[in-house]
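Fold and contact review
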Amino acid sequence: MKLSRLVVLSTALVVTGAIAQQAAEPASPEMPAVVAPVADSGPAKAGDPKAGQTKAGACAACHALDGNATDALYPKLAGQHEQFIWRQLKLFKSGERNNAIMMGMAAPLSEQDMRDIGAYFGTQKVIAGLADESLIAEGPNAGKKFYQVGERIYRGGNSANGVPACAACHGPAGAGVPGPTYPALGGQHASYTAAKLTEFRDGTVWGKDKNANVIMSQVAKGLSDEDIQSLATYLQGLHKAGK
Ligand code: HEC
Ligand code: HEC
């Protein structure tokens, strides 16, 4: 018991250090991988998007065949990185990321299926939504638009509350980084982003033991409800310029 508490504490320290370091630097493909890789259970090869397209038929009812789910109940998968989709599917299957629907969907998938499906959605282009224009009603940000406050935190963090700049890992246009699997966030439904940030803030960690990834629970600790709503609406509209 004592030992496991020590291990958790030292992981948290290492990760906080990594966050601080990365927050100071722009995201780049050379960024060191700080996400524990999920144990590889089979002789799977890099995903094949063509094979993945056929296999993704089973996902279309909720996520849409091109991954641009229209119903905000379901996250968009278009433009998401193969490695991220593969990791999440493994975590759903093992129950280390808790969702009953997705546990059922991931159960029959092999390691290769997960990679192929991930590769396929990775080739699709996310269709961003719109950041809504509503104004913050009270508090120090009264009169500002939620997305304006979100943009400030996304780009610069909030050092007073220990929140790092999201862009350091998720990229200036929200496209993420494939290598260390920082997921793409741009264009995602605001309600999904807000729900995940709230769960992270409440201590949810995807993965257990060596699969555990505490980065986001550390990041989200200092976010207020207003911050979360602001980031979520900003991200819903975030996409690469000119496309
Ligand atoms: C019946 C509806 C449904 C179907 C069919 C479905 N999903 Fe999902 N999926 C969901 C829901 C709901 C979530 C959100 C879970 C959560 O809130 O954590 C989700 C989340 C995910 C995520 C995590 C996305 C992220 O950004 O973290 C991935 C990856 C995923 N699904 C892949 C798939 C794949 C691949 C298939 C097909 C094999 C599939 N899903 C089929 C409902 C569905
Ligand atoms: C140090 C790098 C890092 C920073 C900084 C960071 N994130 Fe993350 N984020 C991650 C990683 C890694 C994951 C994937 C978590 C996992 O797989 O367990 C993630 C996941 C997420 C998710 C879930 C995406 C999905 O599709 O399910 C959201 C939403 C998110 N981050 C938002 C943010 C916001 C908003 C900020 C800034 C306040 C931020 N992140 C800062 C690394 C980071």
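Residues numbered from 1 in each chain as written. Chains lettered and ligands numbered in written order. Predicted model: local features only at pLDDT ≥ 70, side-chain atom pairs only at ≥ 80, totals over all residues.

**Details of the packing of helix H9 (residues 190-201) against helix H11 (residues 225-237)**
- Axis separation between H9 and H11 bottoms out at 8 Å; the angle between their running directions is 140°. Of the possible angle classes, the one that applies to H9 and H11 is oblique. In this structure, the crossing between H9 and H11 has a hand that is right-handed. Along its contact with H9, which presents Ala 190, Thr 193, Ala 194, Leu 197 and Thr 198, the element H11 presents Ile 228, Gln 229, Leu 231, Ala 232, Thr 233, Leu 235 and Gln 236.
- For the contact of H9 with H11, a count of residues per class yields seven nonpolar, five polar and no charged. (Axes fitted to C-alpha atoms, helices over the stretch in contact; angles between N-to-C directions. Helix = DSSP H or I, 4+ residues; strand = E, 2+ residues; numbered from the N terminus. Parallel < 35°, antiparallel > 145°, perpendicular 65-115°, else oblique. Left-handed = near helix turned anticlockwise from the far one by under 90°. Contact = placed C-beta atoms within 7 Å. Nonpolar A, V, L, I, M, F, W, Y, C, P; charged D, E, K, R; others polar.)

**Describing the site of ligand 1**
- If you check the shell around ligand 1, you find 16 residues, and the closest are Cys 59, Cys 62, Gln 88, Asn 99 and Met 105.
- Only helix H3 (60-63), helix H4 (82-94) and helix H5 (100-106) provide two or more residues apiece to the shell around ligand 1.
- Tallied by class, residues from the shell around ligand 1 come to 13 nonpolar, three polar and no charged. (Near = placed C-beta within 6 Å.)

**A closer look at the nonpolar core**
- Among the nonpolar cores identified, the biggest contains 49 residues, and Ile 85, Phe 121, Leu 197, Leu 231, Ala 232 and Tyr 234 are the most heavily contacted of them.
- Listing elements by their share of this core, those giving two or more residues are H4, helix H6 (111-123), helix H7 (146-156), helix H8 (167-170), H9, helix H10 (215-220) and H11.
- Tallying contributions element by element places H4 first for this core, with six residues.
- When residues of this core are sorted by domain, at least three fall in each of domain 1 (2-32 + 129-237) and domain 2 (49-123). (Core = buried A, V, L, I, M, F, W, Y, C linked by C-beta atoms within 7 Å. Buried ≥ 20, exposed ≤ 12 C-beta atoms within 10 Å, placed from the backbone. Domains from an automatic or database assignment.)

**Examining the packing of H7 against H11**
- Running from N to C, H7 and H11 cross one another at 90°; their axes reach a closest spacing of 7 Å. Judged on the interaxial angle alone, H11 and H7 are roughly perpendicular. Of the residues in H11, those in contact with Phe 146, Tyr 147, Val 149, Gly 150, Glu 151, Ile 153 and Tyr 154 of H7 are Asp 227, Gln 229, Ser 230, Leu 231, Thr 233, Tyr 234 and Gly 237.
- Among the residues making up the contact of H7 with H11, the classes are represented as seven nonpolar, five polar and two charged.

**Describing unusual backbone geometry**
- Look at Ala 64: it is not a glycine, yet its phi comes out positive at around 70°.
- Turning to its location among the elements, Ala 64 is positioned in the loop between H3 and H4.
- One non-glycine residue, Asp 209, lies in the positive phi region at around 50°.
- Tracing the chain through its elements places Asp 209 in the loop between H9 and H10.
- A count of 10 C-beta atoms within 10 Å places Asp 209 in the exposed class.

**Some words on the environment of Thr 204**
- Mapped onto the secondary structure, Thr 204 falls in the loop between H9 and H10.
- By the C-beta count within 10 Å, which is 14 here, Thr 204 ends up partly exposed.
- With 107 residues separating them along the chain, Thr 204 and Arg 97 place their C-alpha atoms 8.9 Å apart.
- Sequence-distant contacts of Thr 204, defined by excluding residues within four places in its chain, comprise Glu 199 and Ser 217.

**Quick word on H6**
- With 13 residues, H6 should cover 18 Å at 1.5 Å per step; its first-to-last C-alpha distance of 19 Å lies within 8% of that length.
- With 10 of 13 residues buried, H6 is to be regarded as a mostly interior element.
- Residues of H6 that are buried include every one of Asp 113, Met 114, Arg 115, Asp 116, Ile 117, Gly 118, Ala 119, Tyr 120, Phe 121 and Gly 122, and no others.
- Tucked inside the fold, the buried residues of H6 contact helix H2 (49-55) and H4. (Expected span 1.5 Å × (residues − 1).)

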